[in-house]
Amino acid sequence: MTASATPVPGIDLRLSVEAPDCAVDAPRVAVKDCLDVAGHPTRCGSAAFAGAAPAQAHAAVVERLVQAGCRIIGKTRMHELAYGMTGVNAATGTPVNPRWPDRIPGGSSSGSAVAVAAGEVDFAIGTDTGGSVRQPAICCGVIGFKPTFGRIDRRGAHPAQSSLDCIGPFARSMPMIERAMQAMDPGFVPETLSRAPKLARLRTRFDRDVGDSLILPMMAQGYELPYVDLPLLDDAFRAAMTVIGRETALAFGLLVTNGAALGEDIRSRLSAAMAITEDEVLRAEAVRAAFTAEVDALLGSYDAILTPALPCVPPLLSEATDPAKVLPLTRYLRPFNLSGHPAIVLPTLTSDGLPSGVQIVGRHGADAQICAIARWFCDTVPNFQTKD
């Protein structure tokens, strides 16, 4: 599969959804097309849902955004059924990465990242089941936040049942990320750090150009960043793949059985996922419990854990079908879907001007603290300074 021959934007369906008393300067927001917007179909980026009936009610998060005074201006393109990492979609069009048009926009929340990077919106909403906010954020050079699992109400999101998926925002600055969080969750109160955070650097493997873009700027500031290990990290990656496969098959497997119109990549992945056994799921759940405890223990000694957002630069569109280029992209993102910890990514550039970034992982429920740490990074490390 290749990108659409005709360049397409991040926003697929243009809308105008707002409260009657919406302010003239209300934030412009776009939401991923797996979230219900009343009066409009939810197609999940798939031709299989081309004839879907209009949603009867807003998803809970959309309703909160409207009540918070936001103006919903569109639904964004996505990797089909939110089950892919490249954002390439032959049915609805592949949104063009604004800064690196020859590279993938990332997935599955591709259009949301593109809409923010292109300045079409003030912030956008995506969903993150295995890195699907954080990975496209870095691919497109913006900030992406996966809140603590369960923090943002998923009613009206598709698939309806998930033990991994988190609704989260994209923006070009930390103040706008925090504004988005306040709109989505009235209980979110931004914090200000009273001291420099105590951070640990996860021992990881990554390409040299990515490592230099992250480590050298931090070393230049003289920050103390001891190495730590999460021995179950790779097991957690594989376990998260098992869980997402089983849950996606339960949600959409009938589309394969019924011969619905699906992209070949999705049909193949769903078919494989339908073969996942109960024993495999049980083993994955055991890893979930052990890995979550491992992360919690480490965060008992540190305010946050740092990892590369991606271990390599995003692949070219011409490489989007190469598993060796695509599968590593969520190596350090997906495990924290399994554990449910909040995680945010900040973009930077390699020496060649290609996308790279850092991930900051925090304690369950410490979403405001993680945002404060990210804001501190943007303020103190020049390479991570972001501007709205």
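Residues numbered from 1 in each chain as written. Predicted model: local features only at pLDDT ≥ 70, side-chain atom pairs only at ≥ 80, totals over all residues. Heavy atoms only, no water.

Draft legend 1. Region of interest: the nonpolar core. Membership of the largest hydrophobic core comes to 54 residues, with the highest contact counts inside it found for Leu-65, Leu-346, Ile-360 and Phe-377. Here this core takes eight residues from helix 11 (residues 367-380), the largest share from any one element. In this view, Leu-65 contacts Val-29, Val-31, Cys-70, Ile-72, Phe-123, Ile-125, Ala-183 and Met-184; residues no more than four positions away in its chain are not counted. Grouped together as the second largest cluster of nonpolar side chains are 41 residues, Ala-236, Phe-252, Leu-262 and Val-295 included. (Core = buried A, V, L, I, M, F, W, Y, C linked by side-chain atoms within 4.5 Å. Buried < 20%, exposed > 50% of the residue type's maximum accessible area, 1.4 Å probe, protein only. Helix = DSSP H or I, 4+ residues; strand = E, 2+ residues; numbered from the N terminus. Contact = heavy atoms within 4.5 Å.)

Draft legend 2. Structural view of the confidence of the model for the protein. For the protein, the average pLDDT comes to 95, and 98% of its residues sit at 70 or higher. Across residues 1-5, confidence stays below pLDDT 50; counting only partners more than four residues off in sequence or on other chains, it has 13 contacts. (pLDDT = per-residue confidence, 0-100.)

Draft legend 3. Molecular detail of the pairing of strand 11 (residues 355-361). Most of strand 11 sits inside the fold, with seven of its seven residues counted as buried. Taking every second residue as pointing to the same face, both faces of strand 11 are buried, with Pro-355, Gly-357, Gln-359 and Val-361 on one and Ser-356, Val-358 and Ile-360 on the other. As paired strands, strand 9 (residues 304-308) and strand 11 are joined by four bridges and run antiparallel to one another. Residue pairing across strands places Thr-307 opposite Gln-359, the latter belonging to strand 11. With seven bridges joining them, strand 10 (residues 343-349) and strand 11 adopt antiparallel strand pairing. Looking at the pairing, Ala-343 lines up with Val-361 of strand 11. Linkage of strand 10 to strand 11, two consecutive antiparallel strands, is achieved through a turn of five residues, within which Gly-353 is found at a positive phi near 80 degrees. (Pairing = 2+ DSSP bridges.)

Draft legend 4. Summary view of the environment of Gln-135. The topology assignment puts Gln-135 in helix 3 (residues 134-140). Taking the C-alpha atoms as reference points, Gln-135 and Ala-55, separated by 80 residues in sequence, lie 28 Å from one another. Once you skip the residues sitting within four places of it in the chain, Gln-135 turns out to touch Met-85, Ile-104, Gly-106, Gly-107, Leu-310, Leu-329 and Leu-333.

Draft legend 5. Expanded view of the environment of Asn-383. With respect to the element layout, Asn-383 can be found in the segment after helix 11. The spatial distance from the C-alpha of Asn-383 to the C-alpha of Pro-147 is 24 Å, given a sequence separation of 236 residues. Look past the residues within four positions of Asn-383 in its chain and what remains in contact with it is Pro-217, Pro-347 and Thr-348.

Draft legend 6. The arrangement of the sheet that holds strand 7 (residues 199-202) in detail. The strand order across the open sheet formed by eleven strands is 1-3-2-4-6-5-10-11-9-7-8, and the pairing between neighbours is mixed. The sheet is open, and its two edges are formed by strand 1 (11-17) and strand 8 (227-228), each paired on a single side. Where strand 5 (residues 143-146) and strand 6 (residues 166-171) come together, two bridges link them in antiparallel fashion. What sits directly across from Gly-144, in strand 6, is Phe-170. Contacts between helix 2 (residues 110-117) and the sheet are confined to strand 1, strand 2 (28-32), strand 3 (71-76), strand 4 (123-128) and strand 6, with strand 4 contributing the most and set at about 155 degrees to the helix. (Axes fitted to C-alpha atoms, helices over the stretch in contact; angles between N-to-C directions.)

Draft legend 7. Main features of unusual backbone geometry. The amide bond that connects Gly-107 to the next residue, Ser-108, takes the cis arrangement and shows omega of 10 degrees. Residue placement: Ser-108 occurs in the loop between strand 3 and helix 2. The amide bond that connects His-158 to the next residue, Pro-159, takes the cis arrangement and shows omega of 0 degrees. Position of Pro-159 relative to the elements: it lies in the loop between strand 5 and strand 6. Look at Leu-81: it is not a glycine, yet its phi comes out positive at around 60 degrees. The buried category is assigned to Leu-81, whose relative accessible area is 4%.

Draft legend 8. Main features of the side chain of Arg-172. Mapped onto the elements, Arg-172 comes out in the loop between strand 6 and helix 4 (174-184). Taking relative accessible area as the criterion, Arg-172 reaches 19% and is therefore assigned buried. There is a polar contact of 2.7 Å between the side chain of Arg-172 and the backbone oxygen of Val-116. A distance of 2.9 Å separates a polar atom in the side chain of Arg-172 from the backbone oxygen of Val-121. (Polar contact = N/O pair within 3.5 Å; in protein donor to acceptor, adjacent residues only side chain to side chain.)

Draft legend 9. Region of interest: the side chain of Asp-36. Along the chain, the position of Asp-36 falls in the loop between strand 2 and helix 1 (60-67). One buried charged residue, Asp-36, remains without a salt bridge, the closest side chain of opposite sign being Lys-75 at 5.5 Å. A polar contact is formed between the side chain of Asp-36 and the side chain of His-158, at a distance of 2.8 Å. (Lys, Arg positive; Asp, Glu negative; His and termini not counted. Salt bridge = Lys/Arg side-chain N within 4 Å of Asp/Glu carboxyl O.)

Draft legend 10. The pairing of strand 7, seen in detail. Of the two faces of strand 7, both are covered, the one formed by Leu-199 and Arg-201 as well as the one formed by Ala-200 and Leu-202. Direction of pairing for strand 7 relative to strand 8: parallel, over a ladder of two bridges. In the strand pairing of strand 8, Arg-201 is matched with Tyr-227. For the crossover that starts at strand 7, traverses helix 5 (residues 208-220) and ends in the parallel strand 8, the hand is right-handed. (Right-handed = clockwise from strand over helix to strand, strands pointing away.)

Draft legend 11. Geometry of helix 1. For helix 1, the complete set of buried residues consists of Ala-60, Val-61, Val-62, Leu-65 and Val-66. Tucked into the core, helix 1 has its buried residues touching strand 1, strand 2, strand 3, strand 4, strand 6 and helix 4. Following helix 1 by one or two positions, Gly-69 adopts a phi angle in the positive range, close to 95 degrees.

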